[in-house]
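Architecture at a glance
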Amino acid sequence: MTDGVERNRDLRTRTEMALGRVPLARTAVAEGESFDIDAWRGRVTDVLLVVVSAMGTVLVASSVLQAVREPQWWLQTAPFVIAYLILLGLTAVRGRVDYRIRAWGLVLLGYTAAVMYLAILGLLGNGTLFLLALPALGIMILGVRSGAVMAGLIVVVVVTQTP
């Protein structure tokens, strides 16, 4: 009986590989274990939110200190402070709000930061790096469709920001 189940599983895996669609759950998990991709994505989203919030604390604090010393910087600092407060809110609701909502919020905040950096520094600044990294992040924590949506957003942003 076990031999027949194994042959059936091997046939199904080979067929799916030939079609180019081997699920991550089957390739990344040892035999007999189950893998919940949504739980994994939720944990990754939680870790990313905490790490980005911690790094954001340092960056926003330094920007605010510079804006206090030189008031002309408040116009550029204020949007980043608002985005940071939204990020803290997303981090605070871990466990109470579905990971997909928090993940979309994280990715859209990244796009917002990218657009702000593009507006301030142009194509040579950090905004371009953000735009390249965000679709990969979106594919990892949200799935392939969201990565395609994000790639489309990149095209819109680059076309509208390029003179």
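Bear in mind the structure is a predicted one, so any value in this text is a computation, not a measurement. (Residues numbered from 1 in each chain as written. Predicted model: local features only at pLDDT ≥ 70, side-chain atom pairs only at ≥ 80, totals over all residues. Heavy atoms only, no water.)

By rolling a water-sized probe across the atoms, one finds the places where empty space is left. Taken as a whole, the largest pocket encloses approximately 950 Å³ of empty space. Forming the boundary of the largest pocket are 29 residues, of which Leu59, Phe80, Ala113, Tyr117 and Phe130 lie nearest the centre. Contributions of two or more residues to the lining of the largest pocket are made by α3 (37-69), α4 (74-92), α5 (99-121) and α6 (126-141). Here the lining of the largest pocket takes ten residues from α3, the largest share from any one element. Among the residues making up the lining of the largest pocket, the classes are represented as 22 nonpolar, seven polar and no charged. (1 Å grid on protein atoms, 1.4 Å probe; cavity = no way out; pocket = protein on both sides within 12 Å on 5 of 7 lines; lining within 4 Å. Points joined across faces, edges and corners; volume = space filled by probe spheres on them. Helix = DSSP H or I, 4+ residues; strand = E, 2+ residues; numbered from the N terminus. Nonpolar A, V, L, I, M, F, W, Y, C, P; charged D, E, K, R; others polar.)

Here Ala54 is to be found in helix α3. The class for Ala54 is partly exposed, based on a relative accessible area of 46%. Sequence spacing of Ala54 and Leu88 is 34 residues, and the spatial spacing of their C-alpha atoms is 9.4 Å. (Buried < 20%, exposed > 50% of the residue type's maximum accessible area, 1.4 Å probe, protein only.)

Our focus in this paragraph is the pattern of salt bridges. For the structure on display, the rule yields three salt bridges. Measuring nitrogen to oxygen at the nearest pair gives 3.5 Å for the salt bridge that ties Arg100 to Asp38. Here the residue Arg100 occupies a position in helix α5, and Asp38 occupies one in helix α3, the gap between them amounting to 62 residues. Given the relative accessible area of 31%, Asp38 is considered partly exposed. The partner of Asp46 in a salt bridge is Arg102, and the shortest N-O contact between them spans 2.3 Å. (Salt bridge = Lys/Arg side-chain N within 4 Å of Asp/Glu carboxyl O.)

Quick look at the packing of aromatic side chains now. Applying the stated criterion across every chain, the model contains two aromatic pairs. Between Phe80 and Tyr117, the aromatic rings sit 5.1 Å apart at their centres with planes inclined by 45 degrees, giving tilted as the arrangement. On the criterion of sequence distance, the pair formed by Phe80 in helix α4 and Tyr117 in helix α5 is long-range, its members being 37 residues apart. An angle of 75 degrees between the planes, with centres 5.5 Å apart, marks the rings of Tyr117 and Phe130 as edge-to-face. Residue Tyr117 is located in helix α5, and its partner Phe130 is located in helix α6; the two are separated by 13 residues in the primary sequence. By relative accessible area, which is 22% here, Tyr117 ends up partly exposed. (Phe/Tyr/Trp six-rings, centres within 6.5 Å; stacked < 30°, edge-to-face > 60°.)

Turning our eyes to something else, we now look at the environment of Val44. Structurally, the position occupied by Val44 is in helix α3. Residues Val44 and Ala103 lie 59 residues apart in sequence; the distance between their C-alpha atoms is 9.4 Å. In this structure, Val44 is in contact with Met140 and Ile141, ignoring residues within four places of it in sequence. (Contact = heavy atoms within 4.5 Å.)

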